[in-house]
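# Chains, contacts and geometry: an overview
Each chain, written out:
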Amino acid sequence: MQQYIDKAVEQFRDLITEQLARQNRMEKDNFVKDFKNAEKIVIGVCGGDGIGPIISDAAQKVLEYMLADEIEKGRVEMRIIDGLTIENRLACGKAIPDDVLAELKACDVILKGPTTTPKGGTMESANVAMRRELDLYANVRPVSVPELGIDWIFYRENTEGEYVLGSRGVEIPGKLAMDFKVTTTCGTKRIARAAFEYAKQNGKNNVAIVTKANIMKKTDGKFSELCHEVAADYPDITAEDWYIDIMTANLINENNRSKFQVFVLPNLYGDIITDEAAQIQGGVGTAGSANIGDRYAMFEAIHGSAPRMIERGDGAYANPSSMLKAAEMLLRHIGFADRADKLAAAMKVCLETEKKLVITGRKTGASCIDFAKYVMETLEAL
Ligand code: IPM
Ligand code: MG
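Residues numbered from 1 in each chain as written. Chains lettered and ligands numbered in written order. Predicted model: local features only at pLDDT ≥ 70, side-chain atom pairs only at ≥ 80, totals over all residues. Heavy atoms only, no water.

Moving on, we come to the overall build of the protein chain. Secondary structure summary: the protein chain contains 14 helices and twelve strands in total. Here the protein chain has a C-alpha radius of gyration of 21 Å; the compact-globule value for 382 residues is 21 Å, and the two agree. Overall, the protein chain is about 65 × 50 × 45 Å in size when its C-alpha atoms are taken along their principal axes. A burial count over the protein chain gives 51% of its 382 residues as buried. (Helix = DSSP H or I, 4+ residues; strand = E, 2+ residues; numbered from the N terminus. Rg over C-alpha atoms; globule rule 2.2 N^0.38 Å. Buried < 20%, exposed > 50% of the residue type's maximum accessible area, 1.4 Å probe, protein only.)

Have a look at this one:
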């Protein structure tokens, strides 16, 4: 038993040293990519697994259509990145194979299809690895249901919390297991800053800081405290503390849910509650997600690779809406807000008002590629 304890203590020392170094790197790094004035923007497209290549291909086509003039001028380049498949990742024994990572780092923004994450074992999720490697600290997930008065945006911390050491816990076989949650000063301040800045720029006056600081006293306690410190720079915005459990109830409480506007929260709570919020909007298939850092950004669906759809032979009928929402956020991020608005307007026509084609996820509905064509025809007509 003692040998396990010694090994765990040694590992814990290494983890603290490593995480402290990460905090110190964040403290020093002040580079921020300026897309508005960039001479060239490279968009990498990673298909992923399962339905990933199908829905990202649809989103890529729509993006190419919307950026045709910029691509023609050479200011925007779309670059296909192969190799982020579960087969290749398992063969290399890496969440992101080295050559794929190098290709990703040579891009500015990435459009990424869902990737399969093996349960258990030690293979880390490609998603989590990419968020860490590219330091994509803000996971931004908007959810809107106008007829219910819902207009939410979630700022989920995306590089630390429960995730950063999620594959590196310790275990005493047959006895116990421990995982670690990490909250750093810079890691928290930067996500808080992003949330409050968004609120300020978009006329919102309320930010909900969602934690479980009554139980996770050190990490969530620090998260809440630092969010309030950042909030002090935004006197017109009310910063409210909420616990994650009651917040999950609030989201389905028709009497008070529409008062919430912006949420800022640690990684795991953000993961869970954004699926709940997306379900209120119509399902996880309807929500896109932006993973934003100061240098890189990655845009994706919030759902998984749906292997069951592939097994059923229904892959071609997958719903590309989430990836199209991701593409909309990508356009906005790289300085094409007008085009992003146009895509959002076309999506509204296709999904809500006109509905000439309807996706059901099965052969009973429209195919993914036909739906993408429908979106492009609608764009043409707008
Ligand atoms: C998400 C997903 C990922 C996460 C998985 C695929 C690792 O659920 O983007 O919300 O847990 O963050
Ligand atoms: Mg999730």
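Read on for the rest.
The biggest cluster of nonpolar side chains holds 67 residues, and the ones touching the most others in it are Tyr155, Phe299 and Val375. Once residues lying within four places of it in the same chain are set aside, the contact partners of Tyr155 are Ala138, Asn139, Val140, Ile191, Ala194, Ala195, Tyr198, Val262, Phe263, Val264 and Leu265. Ranked by size, the runner-up nonpolar core spans 19 residues in total, among them Met123, Met130, Leu136 and Met298. (Core = buried A, V, L, I, M, F, W, Y, C linked by side-chain atoms within 4.5 Å. Contact = heavy atoms within 4.5 Å.)

Before going further, it helps to examine the side chain of Glu157. By the secondary structure assignment, Glu157 is in strand 5 (residues 150–157). Despite its burial, Glu157 remains without a salt bridge, the nearest opposite charge being carried by Arg190 at 5.0 Å. From its side chain, Glu157 meets the backbone nitrogen of Glu160 in a polar contact 2.8 Å long. With residues up to four places along the chain from it excluded, the contact list for Glu157 reads Tyr137, Gly187, Ile191, Phe223, Leu265, Pro266 and Asn267. (Lys, Arg positive; Asp, Glu negative; His and termini not counted. Salt bridge = Lys/Arg side-chain N within 4 Å of Asp/Glu carboxyl O. Polar contact = N/O pair within 3.5 Å; in protein donor to acceptor, adjacent residues only side chain to side chain.)

Turning next to the side chain of Gln281. Along the chain, Gln281 falls in helix 10 (residues 267–281). Gln281 gets classed as buried once you look at its relative accessible area, which sits at 18%. When sequence neighbours within four positions are dropped, the list of residues in contact with Gln281 reads Pro142, Val143, Ser144, Val145, Thr286, Ala287 and Lys325.

Turning our eyes to something else, we now look at the pairing of strand 9 (residues 238–243). Taken together, the six bridges between strand 8 (residues 206–211) and strand 9 define a ladder with parallel strand orientation. Bridge assignment links Ile209 to a residue of strand 9, and that residue is Asp241. After leaving strand 8, the chain enters helix 8 (residues 219–231) and then returns to the sheet as strand 9, a path that is right-handed. (Pairing = 2+ DSSP bridges. Right-handed = clockwise from strand over helix to strand, strands pointing away.)

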